[in-house]
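Letter by letter, the chains look like this.
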Amino acid sequence: MSTAPVWSVDPRTGKPREEVASEASEHEVDEAVRAAWAARGALADRGVRAALLRTAAELLDGAAEHVVEAADAETALGPVRLTGELARTTAQLRAFADVVDEGAFLDVRIDHADPDRTPPWPDLRRMKVPLGVVAVYSASNFPLAFSVPGGDTASALAAGCPVVVKAHPAHPATSELCAALLRRAAVRVGLPPDVVTLVHGFDAGVALVRHPLVSAAGFTGSVRGGRALFDAAAARPVPIPFHGELGSLNPVVVTRAAAEERGEEIGAGLGASMTLGVGQFCTKPGFVLVPAGAGGDALVKALTAVVSDSEAGVMLDHRMRDAFVAGVAERAALDGVGAPVTPGPGGEHTVSAGFLTVGASALVASGPHDLLLEECFGPVTVVARYEHPSEIGAVLSRLPGNLTATLQLSAGEAAGSEGGGEAELLLASLSGLAGRVVVDGWPTGVAVAPAQHHGGPYPATTSTSTSVGATAVERWVRPVTYQDVPEVLLPGELREGGGVGVPRRVDGRWEFPTPPLP
């Protein structure tokens, strides 16, 4: 296995900044996983886990200036965006600390022995336990919130699982800095630092998912890379869960009534959403069904104005820039495809935003235009103009799974006073395509809330779980039932009396801990 040096690169110039680390050898990956495995028992105490997450958030906030500076130097995302992302990251850590304190994710259920049943019931006590070591693969476009200190790491630690993170090559220095802060937080609360370890290198990532002591993996990235790791996880002698976020088109449907009522507003909102962060959000609206006619024309005109006024931007690295330039050129060359604002290179190191148009009729059956139904990472979207509402359903039936789907309605359709049930049918169609359905808004922006779901049918994700929100912790636990186990040997959460203080379903009735007095 290669152990080449790992360099931090400035995407604004394409020049190396500093040598950060070395790619991990297979032996070094083995050492990292075994160290994490040895540390798993230290995470058994929920109070210590909650303290770790809150301390990590505190240390990241305390080092905010250095963290933002390092991330901006490697990603060109800008201090404003990265300051907000860091705030989201630390809020996420604290939110999972609250999840640990509450303990509802343990799903504790107790059924006392009942000899009068037919057949008789033994004493059964069920709760969820940590899976073991979790491999986390950092994302390129979120160097904080979906990387070393991000949601996969936070939720795995909350579940009681040590983490080995494979750093993304686009921001290795930021990864090293954040990993050092998390390890410092572990030591501060009395845990071994190896509850979080970091490795670099492509080969290290493959070795990590194949390691026999790794029990699950979380990934955010491309379809190609994620699918290769997913297949490797499934091909192991003992397959493991692989929770991968691979790609998403995030379709938008604009009804004719909505376009006629507020086409300009929708077009402006679309332009702002698809150019946000140089189009590098996983929830960027990349495909939009817009009616032919005056309302749709007004939408396209407003979209043209917003996109034309956007400045050229730097993508996360030159490899992604080259893929974007090639991808938009290939799509624009298709018959019948127009480019009111041409996307492509904006300079030696930048790209310019743009959008493409095509008749929806070109997409209702398989053909060369299928390329327009695939994600193109960067500041571009495809506007498909439909003549009749039947074309909407025909095109939607051909789309892959997505993280989000958006429906733009008129005021009457939203109130149920017009449309003859069309809105309900469209909402049902979009619900079958995505894990989050947005009405009269835009999908860029994922609130870290208990009810959030950030996932969707393949290829959006490889499982039915979420990587954002409180229920993300459920990816890293599994249920165990204890039958007729002596009280003294049971986990505290399963003993009589509920003194540990978690919600429990006992003999069919929920019991909740009494809140402490103020």
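Scoring rules and cut-offs
- Residues numbered from 1 in each chain as written.
- Predicted model: local features only at pLDDT ≥ 70, side-chain atom pairs only at ≥ 80, totals over all residues.
- Heavy atoms only, no water.
- 1 Å grid on protein atoms, 1.4 Å probe; cavity = no way out; pocket = protein on both sides within 12 Å on 5 of 7 lines; lining within 4 Å.
- Points joined across faces, edges and corners; volume = space filled by probe spheres on them.
- Helix = DSSP H or I, 4+ residues; strand = E, 2+ residues; numbered from the N terminus.
- Nonpolar A, V, L, I, M, F, W, Y, C, P; charged D, E, K, R; others polar.
- Salt bridge = Lys/Arg side-chain N within 4 Å of Asp/Glu carboxyl O.
- Buried < 20%, exposed > 50% of the residue type's maximum accessible area, 1.4 Å probe, protein only.
- Axes fitted to C-alpha atoms, helices over the stretch in contact; angles between N-to-C directions.
- Parallel < 35°, antiparallel > 145°, perpendicular 65-115°, else oblique.
- Left-handed = near helix turned anticlockwise from the far one by under 90°.
- Contact = heavy atoms within 4.5 Å.
- Pairing = 2+ DSSP bridges.
- Phe/Tyr/Trp six-rings, centres within 6.5 Å; stacked < 30°, edge-to-face > 60°.
- Lys NZ or Arg CZ within 6 Å of the ring centre and 35° of its normal.

Caption draft 1: Up close: the layout of surface pockets. The calculated volume of the largest pocket comes to roughly 1,400 Å³. What lines the largest pocket is a set of 45 residues, among which H168, G221, S222, G225 and R319 lie closest to the centre. If you list the elements that add at least two residues to the lining of the largest pocket, you get strand 1 (5–10), helix 7 (202–210), strand 8 (214–220), helix 8 (223–235) and helix 11 (318–332). Looking at the lining of the largest pocket residue by residue, the classes come out as 22 nonpolar, 14 polar and 9 charged. Considering only enclosed or pocket space, the second largest pocket measures out at about 270 Å³ in volume. Along the walls of the second largest pocket sit 20 residues, with A44, R49, V129, P130 and A159 positioned nearest its centre. Elements represented by at least two residues in the lining of the second largest pocket include exactly helix 2 (46–62) and strand 4 (124–130). Ranked by residues supplied to the lining of the second largest pocket, first place goes to strand 4 with 4 residues. Here the residues of the lining of the second largest pocket are counted per class, giving 12 nonpolar, 3 polar and 5 charged.

Caption draft 2: Quick peek at the pattern of salt bridges. The tally for this structure, following the rule as stated, stands at 22 salt bridges. Here D194 ties to R183 by a salt bridge, and the two come within 3.0 Å at their closest N and O atoms. Here D194, found in the loop between helix 6 (172–188) and strand 7 (196–199), pairs with R183, found in helix 6; they are 11 residues apart in sequence, far enough to count as distant. The exposure class of D194 is partly exposed, given its relative accessible area of 25%. Where R398 meets D370, a salt bridge forms, and the shortest distance between an N and an O atom there is 3.0 Å. Taken together, the positions of R398 in the loop between helix 12 (390–396) and strand 17 (402–408) and D370 in the loop between strand 15 (354–359) and strand 16 (380–386) put the pair 28 residues apart, joining distant regions of the chain.

Caption draft 3: Up close: the packing of helix 7 against helix 8. Where helix 7 meets helix 8, the closest approach of the two axes is 9 Å, and the angle between their N-to-C directions is 30°. Our classification of the angle between helix 7 and helix 8 gives roughly parallel. Helix-helix and strand crossings are classified by hand; for helix 7 and helix 8 the assignment is right-handed. Of the residues in helix 8, those touching helix 7 at G205, V206, V209 and R210 are L229, A232 and A233. Of the residues contributing to the contact of helix 7 with helix 8, the split by class is 5 nonpolar, 1 polar and 1 charged.

Caption draft 4: Highlighting the sheet that holds strand 4. Here 5 strands make up an open sheet; going across it, the order is 19-4-3-20-21 and the pairing mixed. Of all the strands in the sheet, just strand 19 (477–483) and strand 21 (509–511) have a single pairing partner and so form its edges. Here the strands of the sheet are splayed against their neighbours by 25° on average, with no regard to which way each runs. By the bridge criterion, 7 bridges tie strand 4 to strand 19 in an arrangement that is antiparallel. Paired with L124 across the bridge in strand 19 is Q483.

Caption draft 5: Structural view of the side chain of R81. Mapped onto the secondary structure, R81 falls in helix 4 (residues 79–102). Each residue touching R81, except ones within four places of it in the same chain, is listed here: N141, F142 and F281.

Caption draft 6: Quick look at the packing of aromatic side chains. For the structure shown, the criterion picks out 6 aromatic pairs. Residues F142 and F281 carry aromatic rings whose centres are separated by 5.5 Å and whose planes lie at 85° to one another, so their mutual orientation is edge-to-face. Placement of the pair is F142 in the loop between strand 5 (133–137) and helix 5 (151–159) and F281 in the loop between helix 9 (256–275) and strand 11 (287–291), with a sequence separation of 139 residues. As far as burial versus exposure is concerned, F142 and F281 are alike and both buried. Members of the aromatic cluster, connected to one another through ring pairs, are Y137, F219, F230 and F242. A cation over a ring is seen here: R81 above F142, with NZ or CZ 4.6 Å from the ring centre. Taking NZ or CZ as reference, R117 lies 3.6 Å from the ring centre of W121, over its face.

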